[in-house]
Amino acid sequence: MDDEYAKLIRRLNPPRVVIDNDASDDATVIQVDSVNKHGILLKVVQVLTDMNLVITKAYISSDGEWFMDVFNVVDQDGKKIRDKEVMDYIQRRLESNASFAPSLRGSVGVMPSEEHTAIELTGTDRPGLLSEVCAVLTDLHCNVVNAEIWTHNTRAAAVVHVTDDSTGCAINDPKRLETIRELLCNVLRGNDDSKTATMTLSPPGVTSRERRLHQIMFADRDYERVERAGFTRFEDKSSRPHVTVLNIERDYTVVSMRSKDRPKLLFDIVCTLTDMEYVVFHGMVSTGRMEAYQEFYIRHVDGLPVSSDAERERVVQCLEAAIERRASEVIIHRSDLIC
C-alpha cells in the first residue's frame, strides 16, 4: 500500500522544470522540483550529461518529501543554451515520468537487444589488450559496432556492442556466446592475473553504458590500490583528487571533494554514491577554470551516516576511483576499428 501511495503522489505531482537565461550572467539556470525518491538526483544529472551540458554550479536540496535542485549549465563552448528547441527538449526529458523510471541494480542478465549484443568485460589492464580483444572477436565473425573501455588501478573494463558478421543482427546462439566468453576470458586473464577475468552480457533495460562501466569496475573493486609486479605506475600525487568524509552531529556525513574539473564529473560522483546506496540530502557544486569543489551531506539508505573508519575509508577510495576512471576512457566506433 505504501508503494502504491507513493506512486499516486508522484503521478499527482509530476516534476516541474524552469529554464531561465536571465538569472545568471554566464550560465543557463535549470531548476527542477519533484517529489523526492532515491535515485532521482542521478536521473536529473544523467539527462543533463546526455545533452552534453557542462554543469558549472549546482545547489541540491532533498531533505524531506520534496526534491529541489538548481543547476547552472553551459554548452560545450561555454555559452548559455539559447536554442529554443534544445531548451524545450531538456524540459520534456526532465519532466517526463520515463526519465525518472526506477534504475537497474548491479545484477547481470542474459538478454541481448534485437540490434546488437552488449558484452561486458573485466580483466587485467596491459598494453595491446584492446587489439587482442578485437582480434578474437574478428576471428569469431563478430562485428564490433562500438565500444567503451576504461582502465584504472591495473584493471580494465569495457562494454562492447557486437553483431553477427553475416546477418548484421544480435548474436543469440548460447553455444556461440559461450565460445566467445571462453576465448575472451583467456585474453583478459593475462599471465599473472590475481583477479578473475569475466565476460557477461549486459542486463536488459535502460542503464547507461557509462553507469554500467562504473558498476562493473566497482564490482571488480578497482578502488583498492594494488601494485602488481611488472606494472610500473608513475603518479603525480599532487594531481590526485582530495576527498574527505566527516560526520557532523548525528544526522549527516559530509563528503567534500576537490579535484581537477572535467566534463561529467558530477555524474560520476552521483552515480557512485547512488550505487553505493547513499542518499544526497544537501549539496553544492562549484567549478573554476581548472578546479572543481563538491560538497554533499549524505546518509545511507537505511537512514544512518557513515558509522565506522572502515566505511569512511571505503567511501573515500570509491569516490577517488570514480573521479579518476574516466581519465583513461577510450571510445571507439565501427569506423575507427582496424582490427
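Fair warning: this is a prediction, and the values are worked out from it, not measured in the lab.

Engineer: Where do I start with the overall build of the chain in this structure?
Structural biologist: In terms of regular secondary structure, the chain is built from 8 helices and 13 strands. Restricting to contacts in the chain with at least 6 residues of sequence separation, those with at least 24 account for 72%. Accessible surface computed for the chain: about 17700 Å², of which carbon and sulfur atoms make up 52%.

Engineer: How should I be thinking about the sheet that holds strand β3 (residues 54-61) in this particular structure?
Structural biologist: Across a sheet, paired strands are connected by hydrogen bonds in the backbone, their directions being either parallel or antiparallel. Strand order across the open sheet formed by 8 strands is β1-β2-β4-β3-β11-β12-β10-β9, with antiparallel pairing between neighbours. Single-partner strands in this sheet number two, and they are β1 (16-20) and β9 (242-248). Strand-to-strand, the axes of this sheet are offset by a mean angle of 20 degrees, without reference to chain direction. Pairing between strand β10 (residues 252-260) and strand β12 (residues 291-300): 8 bridges, direction antiparallel. Across the sheet, V254 pairs through a bridge with Y297, a residue of β12. Along the sheet face, helix α2 (residues 40-50) touches β2 (28-35), β3, β4 (66-74) and β11 (278-287) and points at about 20 degrees away from the line of β4. Lying on the sheet, helix α7 (residues 265-275) is in contact with β3, β4, β10, β11 and β12; it crosses β12 at an angle near 20 degrees.

Engineer: Which parts of the structure should I look at to understand unusual backbone geometry?
Structural biologist: With the exception of glycine, the majority of residues adopt a negative phi angle, and the majority of peptide bonds are in the trans configuration. Of note, K264 is a non-glycine position whose phi angle comes to about 70 degrees, a positive value. Here K264 is to be found in the loop between β10 and α7. Looking at K264, the relative accessible area reads 28%, which means it is partly exposed.

Engineer: What am I meant to see in the pairing of β1 here?
Structural biologist: Looking down a regular strand, the side chains alternate between one sheet face and the other. Across the two faces of β1 the burial differs, with V17 and I19 buried and R16, V18 and D20 not buried at all. Relative to β2, β1 runs antiparallel, the two being bridged by 5 bridges. By the bridge assignment, V17 is partnered in β2 with V32.

Engineer: Help me out: how do you make sense of the nonpolar core in this one?
Structural biologist: It is characteristic of soluble globular proteins that their nonpolar side chains tend to be buried jointly. I30, L48, F71, L94 and F296 are the most contacted members of the largest nonpolar core, which has 48 residues in total. Not counting residues up to four positions away in its chain, the partners in contact with L48 are I30, L53, I55, F71, V73, I90 and L94. With 25 residues, the next largest nonpolar core counts V133, V136, L140 and L177 among its residues.

Engineer: What is the right way to read the pattern of salt bridges from this model?
Structural biologist: Two side chains of opposite charge can pair, provided their charged atoms sit close to one another. One pass over the structure, following the stated rule, counts 19 salt bridges. A salt bridge links D164 to R176, with the nearest nitrogen and oxygen atoms 2.2 Å apart. Pair noted here: D164 is in strand β7 (residues 155-164) and R176 is in helix α5 (residues 174-189), with a separation of 12 residues, a long-range link. Judged by its relative accessible area of 9%, D164 is buried. The shortest N-O distance in the salt bridge between R312 and D309 comes to 2.8 Å. Separated by 3 residues within a single helix, R312 and D309 lie in helix α8 (residues 309-325), roughly one turn from each other. The class for R312 is partly exposed, based on a relative accessible area of 23%. One network of salt bridges, in which partners are shared, links E210, R262, K264, D268 and R326.

Thresholds applied
Per chain, residues are indexed from 1 in the order of the written sequence. Given that this is a predicted model, residues contribute local features only at a pLDDT of at least 70 and side-chain atom pairs are listed and counted only at 80 or more, while totals for whole chains, interfaces and linings are drawn from all residues. Note that the side-chain values use all heavy atoms of the structure and ignore hydrogens as well as water. In this description a helix means any DSSP run of H or I spanning at least four residues, a strand means any run of E spanning at least two, and both kinds are numbered starting from the N terminus. Here, residues are in contact when the closest pair of their heavy atoms is within 4.5 Å. Here the open area of atoms and residues is found with the Shrake-Rupley method and a 1.4 Å probe, where only the protein chains shown may cover a residue. A pair of strands is considered paired only if DSSP assigns at least 2 bridges between the two. Every axis corresponds to a line fitted to the C-alpha atoms, with the helix fit spanning only the stretch in contact, and the corresponding angles, defined between N-to-C directions, vary from 0 to 180 degrees. Here's how the labels work: a residue is buried when its accessible area is under 20% of the maximum for its type, exposed when over 50%, partly exposed in between, all with a 1.4 Å probe on protein chains only. Buried residues of nine kinds, namely Ala, Val, Leu, Ile, Met, Phe, Trp, Tyr and Cys, make up a nonpolar core once their side-chain atoms join them within 4.5 Å. Criterion for a salt bridge: a side-chain nitrogen of Lys or Arg within 4 Å of a carboxyl oxygen of Asp or Glu.

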